[in-house]
Amino acid sequence: MAVSGSPDAVPGEEYDYEALPAAYGLGHNMLAGAFAGIAEHTVMYPVDLMKTRMQIINPTSGGLYTGISNAVSTIYRLEGLRTLWRGVSSVIVGAGPAHAVYFGTYETVKEFAGGNAADGKHHPFAAAASGAAATIASDALMNPFDVIKQRMQVHGSVHRSIAQCASQVFRNEGLAAFYVSYPTTLCMTVPFTATQFMAYESLSKVMNPRKEYDPITHCVAGGLAGAFAAGITTPLDVIKTLLQTRGLSQQAEIRNVRGLFHAAKIIKDQFGWGGFMRGWRPRIISTMPSTAICWSSYEMAKAYFRRTLREEEASARARGL
């Protein structure tokens, strides 16, 4: 049976996108999430690299990246455009499992919290709670890969592979270096994800009240929800970047930064309040399409699995199995 809104939809035939086939389970949501995560992070990786370059505090490169166009031209002139993809392998390796856990947790908690209730009502707080739980679980897996990614993104990085970077960080700074930013990451990602999921569910409810598979709705709602959430959490993202790249700094105070509040004090002392919004433009520019890609990919994968399983069930019934 075709999905409503897809090219092969049969006129007059309804497809209940939210109704689950008997064989559909958590594993399918996790596979859809892994697909969505890899698609999202690989496509938007160059913009994420520019955001990191603009946020990092480094006397040798801090003044080089004052805007997006300036960052692109500087990277092209000094390092070549291939640099825009340096460290992408860490995202590919980490994003698949992390997003599988992310969306698996989201769907599980959402069901438990009553977000999928048959009453047809909007449940924004269930969406927010499921989003918060999802990011706590997935960030535990993704944080080390995020540290490696940002170490490979910075100007003048000597790291050329995930293994080499991870080995050097562990040897020089210990295991704690991979998780020093985890509390700050959660301080950012929990409100970010809770806000994003609440906004996505709310926008989807308004734009697509019948809850059909609609690629345009998923794309637009995902992009707007991500942009809104990214803008209000940029200050915490700046702090996270400082913590994750502390070992590369030439400043002793940054190398010995003790945590969230100490990092915030350093940023305030060196750049004033405006320092907390460093990189906000590329952050929003990258987050808006990345969340659009993520939600579109996730919903597309879910629709594919559901359609395939329904066709298999219909075929089995036709054979009398």
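These numbers come from a predicted model, not from an experiment.

Analysis parameters
- Residues numbered from 1 in each chain as written.
- Predicted model: local features only at pLDDT ≥ 70, side-chain atom pairs only at ≥ 80, totals over all residues.
- Heavy atoms only, no water.
- Core = buried A, V, L, I, M, F, W, Y, C linked by side-chain atoms within 4.5 Å.
- Buried < 20%, exposed > 50% of the residue type's maximum accessible area, 1.4 Å probe, protein only.
- Helix = DSSP H or I, 4+ residues; strand = E, 2+ residues; numbered from the N terminus.
- Contact = heavy atoms within 4.5 Å.
- Axes fitted to C-alpha atoms, helices over the stretch in contact; angles between N-to-C directions.
- Parallel < 35°, antiparallel > 145°, perpendicular 65-115°, else oblique.
- Left-handed = near helix turned anticlockwise from the far one by under 90°.
- Expected span 1.5 Å × (residues − 1).
- Patch = residues over 30% accessible without salt bridge, like charges linked within 9 Å, V, L, I, M, F, W, Y side chains within 5 Å.
- Areas by Shrake-Rupley, 256 points an atom, 1.4 Å probe, with all protein chains shown as cover.
- Salt bridge = Lys/Arg side-chain N within 4 Å of Asp/Glu carboxyl O.
- 1 Å grid on protein atoms, 1.4 Å probe; cavity = no way out; pocket = protein on both sides within 12 Å on 5 of 7 lines; lining within 4 Å.
- Points joined across faces, edges and corners; volume = space filled by probe spheres on them.
- Phe/Tyr/Trp six-rings, centres within 6.5 Å; stacked < 30°, edge-to-face > 60°.
- Lys NZ or Arg CZ within 6 Å of the ring centre and 35° of its normal.

Quick look at the nonpolar core
- Counting residues in each nonpolar core, the largest one holds 18 residues, and the members touching the most others are Phe103, Tyr106, Trp295 and Tyr298.
- For this core, the leading source of residues is helix 11 (residues 280-318), giving six residues.
- Those residues within four positions of tyrosine 106 in sequence are excluded, and the remaining contacts are Ser130, Gly131, Ala134, Phe197, Glu201 and Trp295.
- Leu49, Ala71, Leu84 and Ala98 belong to the second largest nonpolar core, which has 13 residues in total.

Looking at the environment of phenylalanine 145
- Its place among the elements puts phenylalanine 145 in helix 5 (residues 124-153).
- In this structure phenylalanine 145 comes out as partly exposed when scored by relative accessible area, which is 23%.
- Once the C-alpha coordinates of phenylalanine 145 and alanine 166 are considered, the two residues, 21 residues apart in sequence, prove to be 8.7 Å apart.
- Residues within four places of phenylalanine 145 in sequence aside, it is in contact with Ser90, Val93 and Gly94.

Comments concerning unusual backbone geometry
- The phi torsion at lysine 211 lies on the positive side, around 60 degrees, for a residue other than glycine.
- Checked against the element boundaries, lysine 211 lands in the loop between helix 7 (182-207) and helix 8 (215-244).
- Using a relative accessible area of 33% as the deciding quantity, one classes lysine 211 as partly exposed.

Re the packing of helix 2 (residues 45-55) against helix 11
- In the contact formed by helix 2 and helix 11, the axes pass within 9 Å of each other and the chain directions differ by 160 degrees. Between helix 2 and helix 11, the interaxial angle falls into the category roughly antiparallel. Crossing geometry of helix 2 relative to helix 11 is assigned as left-handed. Of helix 11, the residues touching helix 2 (which contributes Val47, Asp48, Lys51 and Met54) are Pro282, Arg283, Ile285 and Ser286.

Brief notes about helix 1 (residues 26-43)
- Here helix 1 contains 18 residues, and its C-alpha end-to-end distance of 26 Å stays within 8% of the 26 Å for a straight helix at 1.5 Å per residue.
- All of the buried residues in helix 1 are His28, Asn29, Ala32, Gly33, Ala34, Ala36, Gly37, Ala39, Glu40 and Thr42.
- At its buried positions, helix 1 is contacted by helix 2, helix 4 (88-112) and helix 11.

Comments concerning a nonpolar patch on the surface
- Residues Val206, Met207, Ile216, Val220, Leu224 and Met288 make up a contiguous nonpolar surface patch of roughly 540 Å² in combined accessible area.
- Of all the elements, helix 8 adds the most residues to the nonpolar patch, at three residues.
- Relative to the helices and strands, isoleucine 216 resides in helix 8.

What about empty space enclosed by the protein?
- For the structure on display, the rule yields one cavity of 30 Å³ or more.
- Computed from the structure, the largest cavity encloses a volume of approximately 770 Å³.
- Along the wall of the largest cavity there are 33 residues; nearest its centre are Glu40, His41, His99, Thr189 and Phe192.
- Of all the elements in the fold, those that place two or more residues in the lining of the largest cavity are helix 1, helix 2, helix 4, helix 5, helix 7, helix 8 and helix 11.

A few points about the pattern of salt bridges
- Counting across every chain of the model gives eleven salt bridges.
- Aspartate 146 is the salt-bridge partner of lysine 149, the closest N and O atoms lying 2.8 Å from each other. On the criterion of helical spacing, the pair formed by lysine 149 and aspartate 146 is a turn pair, its members being three residues apart in helix 5.
- Note on aspartate 146: relative accessible area 11%, which makes it buried.
- Between aspartate 237 and lysine 240 there is a salt bridge, with its nearest N and O atoms 3.8 Å apart. On the criterion of helical spacing, the pair formed by aspartate 237 and lysine 240 is a turn pair, its members being three residues apart in helix 8. The residues aspartate 237 and lysine 240 share a single accessibility class, namely buried.

Some thoughts on the packing of aromatic side chains
- Applying the stated criterion across every chain yields a total of 13 aromatic pairs.
- The interplanar angle of 35 degrees and the centroid separation of 5.9 Å between the aromatic rings of tryptophan 273 and phenylalanine 276 together place this pair among those described as tilted.
- According to the relative accessible area criterion, phenylalanine 276 is buried, its value standing at 9%.
- Ring pairing ties together the aromatic residues Tyr102, Phe103, Tyr106, Phe197, Tyr200, Trp295 and Tyr298, which thus form one cluster.
- The ring of phenylalanine 271 carries arginine 278 above its face, with NZ or CZ at 4.1 Å from the centroid.

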